[in-house]
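# Observations on chain architecture
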There are 2 protein chains.
Amino acid sequence: MSDAATRRRARGGGGAARRAARSAVSFDTAKYIERNIPNFEVLTEEVLEIIETNAETLLEEIGVNFVNNPAACARWKEAGADVQGERVHIPRGLARKLCATAPSSFTQHARNPERNVVIGGKGLVCAPVYGPPFVRDMAGGRRYATMEDFRKFVKLGYMSKWLHHSGGTVCEPTDVAVNKRHLDMLHAHMTLSDKPFMGSVTEPSRAQDSVEMCEILFGRDFVQQNTVMTSLINVNSPMTFDDVMMGALEVYARNNQACIVSPFIVGGAMAPVSVVGTLTQVLAEVLAGIAYSQLIRPGAPVIFGTFVTSIDMGSGAPTFGTPEASQILYGAGQLARRMGLPYRSGGGLCGSKLPDAQAAYETTHTLNAALLGGVNFMLHACGWLEGGLVSSFEKFVMDADQLGTLHKMAAGVVADENAQAMDAIREVGPGGHYLGCAHTQANFQDAFWKTQLFDYKPFETWDEEGARDTMTLAAERVERMLRDYQQPAIDPGANEALAGYVANKKASMPDSFT
Amino acid sequence: MSDAATRRRARGGGGAARRAARSAVSFDTAKYIERNIPNFEVLTEEVLEIIETNAETLLEEIGVNFVNNPAACARWKEAGADVQGERVHIPRGLARKLCATAPSSFTQHARNPERNVVIGGKGLVCAPVYGPPFVRDMAGGRRYATMEDFRKFVKLGYMSKWLHHSGGTVCEPTDVAVNKRHLDMLHAHMTLSDKPFMGSVTEPSRAQDSVEMCEILFGRDFVQQNTVMTSLINVNSPMTFDDVMMGALEVYARNNQACIVSPFIVGGAMAPVSVVGTLTQVLAEVLAGIAYSQLIRPGAPVIFGTFVTSIDMGSGAPTFGTPEASQILYGAGQLARRMGLPYRSGGGLCGSKLPDAQAAYETTHTLNAALLGGVNFMLHACGWLEGGLVSSFEKFVMDADQLGTLHKMAAGVVADENAQAMDAIREVGPGGHYLGCAHTQANFQDAFWKTQLFDYKPFETWDEEGARDTMTLAAERVERMLRDYQQPAIDPGANEALAGYVANKKASMPDSFT
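Rules used throughout
- Residues numbered from 1 in each chain as written.
- Chains lettered and ligands numbered in written order.
- Predicted model: local features only at pLDDT ≥ 70, side-chain atom pairs only at ≥ 80, totals over all residues.
- Heavy atoms only, no water.
- UniProt positions renumbered as here; feature names shortened; annotations may be inferred.
- Helix = DSSP H or I, 4+ residues; strand = E, 2+ residues; numbered from the N terminus.
- Rg over C-alpha atoms; globule rule 2.2 N^0.38 Å.
- Buried < 20%, exposed > 50% of the residue type's maximum accessible area, 1.4 Å probe, protein only.
- Contact = heavy atoms within 4.5 Å.
- Areas by Shrake-Rupley, 256 points an atom, 1.4 Å probe, with all protein chains shown as cover.
- Buried area = accessible area lost by both parts, 1.4 Å probe.
- Salt bridge = Lys/Arg side-chain N within 4 Å of Asp/Glu carboxyl O.
- Polar contact = N/O pair within 3.5 Å; in protein donor to acceptor, adjacent residues only side chain to side chain.
- Nonpolar A, V, L, I, M, F, W, Y, C, P; charged D, E, K, R; others polar.
- Pairing = 2+ DSSP bridges.
- Least-squares fit on C-alpha atoms with pLDDT ≥ 70 in both.
- Phe/Tyr/Trp six-rings, centres within 6.5 Å; stacked < 30°, edge-to-face > 60°.
- Lys NZ or Arg CZ within 6 Å of the ring centre and 35° of its normal.
- Axes fitted to C-alpha atoms, helices over the stretch in contact; angles between N-to-C directions.
- Parallel < 35°, antiparallel > 145°, perpendicular 65-115°, else oblique.
- Left-handed = near helix turned anticlockwise from the far one by under 90°.
- Right-handed = clockwise from strand over helix to strand, strands pointing away.

- An unreviewed UniProt entry annotates chain A as Methyltransferase of Marinovum algicola.
- Regarding chain A, the UniProt comment filed under Sequence similarities (unreviewed entry) reads as follows: "Belongs to the trimethylamine methyltransferase family."

Below, the structure is given as structure tokens:
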């Protein structure tokens, strides 16, 4: 154990962790997914090379903009780029060379060490929906999100067995001032859950606040030597890196905290309408962004991010769960693995207004693509609705249940003597049945993935019980989970210090809602 | 063109086909899917060999039952099997050797040659739900299926762009006598659609009726020399081949018509609870069944079938769209390809009682697995509900719309100069947008898959229009399609002869409802 970790434990983190572990028994959390299956790859070697060559051409010839950020331009110039005003032309090969110092995987620590996640390699870490200004539930319909909604989502995330990460802005708490809500959000993640979480990126100063709150929770040295936050840095596609996002990235990279460098693309609007054209731009943007993170601090943990939706060219609406989005997801995964970087994409993405069949069709396409496409960090894994405008309580628990299927699928196929089941086949023989045989009795409990939500009852029973659809069953499950929620234990000193930090910060500035 | 085909055309089939082609323009039907993507494979070479070795052990040591079928047992004995009563012990390697005469792909002809499908290779042919005794729609709820429902499903199938096949028992017309309903069903497929279809398997005599009706529609010689039906022969798992199904298979094989030899397995009941154990039994059953078809007529077209669901060990209910079912689907696909046989599995399988989110989650897992798992013939591709007890009108059009995503995904990623879009990236540059650029204008119409069902409207519009969920939108689409339906043209002589055949057959026997 590092000195920092020892000190952290001595400060009470260890005791808190032990108590958390005990209390967490009733809310079983699965370890992050480790794939024992191959990745699915849609691009040939030849196509991959075309994309990589074109991305380098883009960086050198067209260049990327680092807006309102003379310091960034200076760093690029020093690194060997040709900087013209805010336009940075990166010579062929330079960005890729700079990216080489980024780790191929890293551990993000949680305050409960049992909840630590490894991001990269064959792992898949699932985190909930991020960013919606609205929430929806069956009882209350669609409405602006509040801090109370936010806390409910953090609680649901804590209690969701197949969810490994507490996420970040699970919804925008619009009833709290814009310049203060990050404090309440982080405080909620830190105290209502013991899973890992994300930091604020809406201002460099808020990223700094996030680091400082983590220093209270984990200990200062521990934070400097370990990654305790993974935060979302969107690229302003096409090819633009704004000062706010880059300012936050600078804070996090400097403090050894992880950033997802993520082109945010509605295909046909922020990138070409073709899959290969989009992948070229995605790769160029990620190369530039991650290279920049390594200029700030070589070795800073980063994730190759991709958020690409297609577009309904009739209405201009973004569309989700479409085949083109899946192709881009698969292709970007191949590009990320060739760079040796952890990969973020996927999620329970959908455009539907309700957690209905459309939502589930769209979501499941993306969940499957994310699993088979080698995604390492899946943001929006549950709760996403209406193109990301809405966090849905019912969909949160629906999707979270489905994440269990990914765990089972990823485990691959065991073929030991027990799995071969030749004795069972001999015992039962032609015309028999396996329900009572010894092999079934010995294996049935773990043989099949079990839903905690779906209905498998006989029609008559289901009908008598009210013919409930999935949304209704999910609403009942949300209510039950919130009723059963128990806060994980936390070190009283850290708890008090965090509350004090939030109160002081809030008192130090007037509310701003812009 | 073969002589038979020439004669068939001379008989008026050609004119009918041309008229059908003209009328079909308004109901655009996509060609069956040809995959330009790799297959996803979950089993290693080592595991595949274990399964293949164990399946041969099963056939030799345990054997399979051919029930009430002394002629089959005699054929097996003559072929070299050790027959003890009804139990057929097949020496190691014999079944596989017999299977070698089965074709690796075959063309199933439709009366409109533009609707012909190739089953095997990189193809994927989608056919609708098969077998439910109930139907459900929003207006009428769940009820026993009638012949009128059956006709509606055939019409919907004919008008569904992404559906290549009219299927077989799209629902059980329970208002028609059991011994006569196959006549009405075939008649509906033959006259209300011009897509390929399936024959009856519920009695050998009904298989013979199916062949005779095809001889009227296609011409007798054409039927003997070409495949015009693909029919579903379920194995009575574990390891039992009953005389009814085998009798139907004998009729079809003898007449050069295709059979799907399909173990029908609820895992844990009809096969071991493990994936590898189930695959072993599936392979053994398919080996025995297909070998038997080749004993009837070497070269008879067949399909390696697999229908496996998992089970909820608490209630005993079959479950669908689960990870274990997907693993078996992927694994069986590998086994089928190693035998060089077309492969049937997948479909829009679900256990939900309603076409809601559960139905769509479950369905989409299976549709994705079927596409990536190399399925060549996908029965139940649309309309399946409640574990196969119900054919749902709304789910039929929901799933049929989703099949479009499989077409687009299967097409793979184009990487020509236009797809590389470097000119577009140069034109737009950092901070611009692609909506108006030349490349977008030139490509947007085909760039993205388009739904004909889902809602992408702005929230406010959607809300004002009644906040309709997917089921409601689907119900409206069903109504619209049935209103717009136009019967494809058919040769008047053939039409009259078919009606006469059905009337005569029906008059020749009393109704039986058992």
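### Regarding the overall build of chain A
- Within chain A, the regular secondary structure consists of 19 helices and 19 strands.
- Over its C-alpha atoms chain A spans a radius of gyration of 23 Å, differing by no more than 12% from the 24 Å that the globule rule assigns to 514 residues.
- In terms of its C-alpha atoms, chain A occupies a principal-axis envelope of roughly 80 × 55 × 50 Å.
- Counting over 514 residues, chain A shows a buried share of 67%.
- Pairs at least 24 residues apart make up 77% of the contacts formed inside chain A by residues separated by at least 6 positions.
- Counting every atom, chain A has about 16700 Å² of accessible surface; 50% of that belongs to carbon and sulfur.

### Let's talk about the interface of chain B and chain A
- Opposite the 108 residues of chain B that make contact, chain A presents 108 residues.
- For the pairing of chain B and chain A, the buried interface totals around 9000 Å² over both sides, and the portion due to carbon and sulfur atoms is 70%.
- Viewed at the interface, chain A and chain B are joined by 6 salt bridges.
- A salt bridge links glutamate 61 of chain A to arginine 426 of chain B, with the shortest nitrogen-to-oxygen separation between them at 2.4 Å.
- Across the chain B-chain A interface, the total number found is 44 residue pairs in polar contact (both at pLDDT 80 or more).
- For the side of chain B that touches chain A, the leading source of residues is helix H12 (residues 357-372) of chain B, giving 10 residues.
- Its residues assigned to classes, the side of chain B that touches chain A comprises 53 nonpolar, 37 polar and 18 charged.

### Focus on the pairing of strand E14 (residues 307-311) of chain A
Residue and element names in this part refer to chain A.
- Most of E14 sits inside the fold, with 5 of its 5 residues counted as buried.
- In terms of strand pairing, strand E12 (residues 258-266) meets E14 through 3 bridges, oriented parallel. Directly across from phenylalanine 264, in E14, lies its bridge partner phenylalanine 307.
- Relative to strand E15 (residues 318-319), E14 is paired through 2 bridges, and the arrangement is antiparallel. Across the sheet, residue isoleucine 311 finds its bridge partner in E15, namely proline 318.
- In sequence, E14 turns back onto E15 through a hairpin of 6 residues, with glycine 316 there showing a positive phi of about 85°.

### Structural notes on the side chain of aspartate 184 of chain A
All names here are of chain A.
- Relative to the helices and strands, aspartate 184 is located in helix H6 (residues 181-192).
- In this structure aspartate 184 comes out as buried when scored by relative accessible area, which is 10%.
- Apart from the residues within four sequence positions on either side, aspartate 184 is in contact with Met147, Val176, Val502 and Lys506.

### Overview of the relation of the copies chain B and chain A
- Rotating chain B by 180° and translating it 0.0 Å along the rotation axis places it on chain A, where the RMSD comes to 0.0 Å. What the superposition gives is, in effect, a two-fold axis relating one chain to the other. Rotation axis and chain B: the residue whose C-alpha lies nearest the axis is alanine 357 of chain B, separated from it by 2.1 Å.
- Both copies share a contact surface, since 100% of the interface residues of chain B are interface residues in chain A too.

### Focus on the sheet that holds strand E18 (residues 384-385) of chain B
Residue and element names in this part refer to chain B.
- Overall, mixed pairing links the 4 strands, which are arranged E9-E8-E19-E18 in an open sheet. Lying at the two open borders of the sheet, with one neighbouring strand each, are strand E9 (141-144) and E18.
- Where strand E8 (residues 134-137) lies against E9, 4 bridges are found, and the strand directions are antiparallel. Paired with phenylalanine 134 across the bridge in E9 is tyrosine 144.

### Considering the packing of aromatic side chains
- In this structure the tally under the stated criterion is 33 aromatic pairs over all chains.
- Here phenylalanine 264 of chain B and phenylalanine 307 of chain B contribute two aromatic rings whose centre-to-centre distance is 4.9 Å and whose plane-to-plane angle is 5°, an arrangement assigned as stacked. Taken together, the residues span a long stretch of sequence, with phenylalanine 264 of chain B in strand E12 (residues 258-266) and phenylalanine 307 of chain B in strand E14 (residues 307-311) at a distance of 43 residues.
- Its relative accessible area of 35% is what places phenylalanine 264 of chain B among the partly exposed residues.
- Classification of phenylalanine 307 of chain B as buried rests on a relative accessible area of 5%.
- Here a set of aromatic residues connected by ring pairs shows up, and it is made of Phe40 and Tyr330 of chain A together with Phe40 and Tyr330 of chain B.
- When the ring centre of phenylalanine 459 of chain B is taken as origin, the NZ or CZ atom of arginine 142 of chain A, which lies over that ring, is 3.7 Å away.

### Here we look at the pattern of salt bridges
- Using the criterion set out here, one finds 54 salt bridges over all chains in the structure.
- Here glutamate 52 of chain A and arginine 338 of chain A are joined by a salt bridge, their closest N and O atoms 2.8 Å apart. Note that glutamate 52 of chain A is positioned in helix H2 (residues 45-62) and arginine 338 of chain A in helix H11 (residues 323-339), a separation of 286 residues in sequence.
- We note a salt bridge from arginine 468 of chain B to glutamate 465 of chain B, for which the minimum N-O separation is 3.3 Å.
- Overlapping salt bridges, with partners in common, bring together Glu45, Glu52, Glu56, Arg96 and Arg338 of chain A in one network.

### A closer look at the packing of helix H9 (residues 243-254) of chain A against helix H10 (residues 275-296) of chain A
All names here are of chain A.
- Orientation of H9 relative to H10, taken along the N-to-C sense of each, is 50°, at an axis distance of 9 Å. By the angle between their directions, the pair H9 and H10 is classed as oblique. The interaxial crossing formed by H9 with H10 has right-handed handedness. Note on element contacts: H10 touches H9 through Gly289, Tyr292, Ser293 and Ile296, opposite Met246, Leu249, Glu250, Ala253 and Arg254.
- Taken together, the residues that form the contact of H9 with H10 break down as 5 nonpolar, 2 polar and 2 charged.

### What about the pairing of E12 of chain B?
All names here are of chain B.
- The buried count for E12 comes to 8 of 9 residues, which makes it a mostly enclosed element.
- The pairing of strand E10 (residues 230-235) with E12 spans 6 bridges and is parallel. Across the sheet, the residue bridging to threonine 230 is alanine 258, located in E12.
- Taken together, the 3 bridges between E12 and strand E13 (residues 302-305) define a ladder with parallel strand orientation. Bridge pairing links valine 261 to phenylalanine 304 in E13.
- With helix H10 (residues 275-296) bridging E12 and its parallel neighbour E13, the resulting β-α-β unit is right-handed.

### A look at the side chain of threonine 240 of chain B
- Within the secondary structure, threonine 240 of chain B is located in strand E11 (residues 240-241).
- Side-chain polar atoms of threonine 240 of chain B contact the backbone oxygen of proline 238 of chain B, separated by 3.0 Å.
- Non-local contacts of threonine 240 of chain B, meaning those with residues more than four positions away in its chain, are made with Pro430 and Gly431 of chain A together with Asn65, Val67 and Val235 of chain B.

### Here we look at the sheet that holds strand E4 (residues 87-89) of chain A
All names here are of chain A.
- Taken in spatial order, the 4 strands line up as E3-E4-E2-E11 in an open sheet, and their pairing is mixed. Looking at strand neighbours, the two that pair on one side only are strand E3 (82-84) and strand E11 (240-241), the edges of this open sheet.
- Bridge count for strand E2 (residues 64-66) against E11 is 2 bridges, and the pairing is parallel. Bridging from a neighbouring strand, asparagine 65 pairs with threonine 240 of E11.

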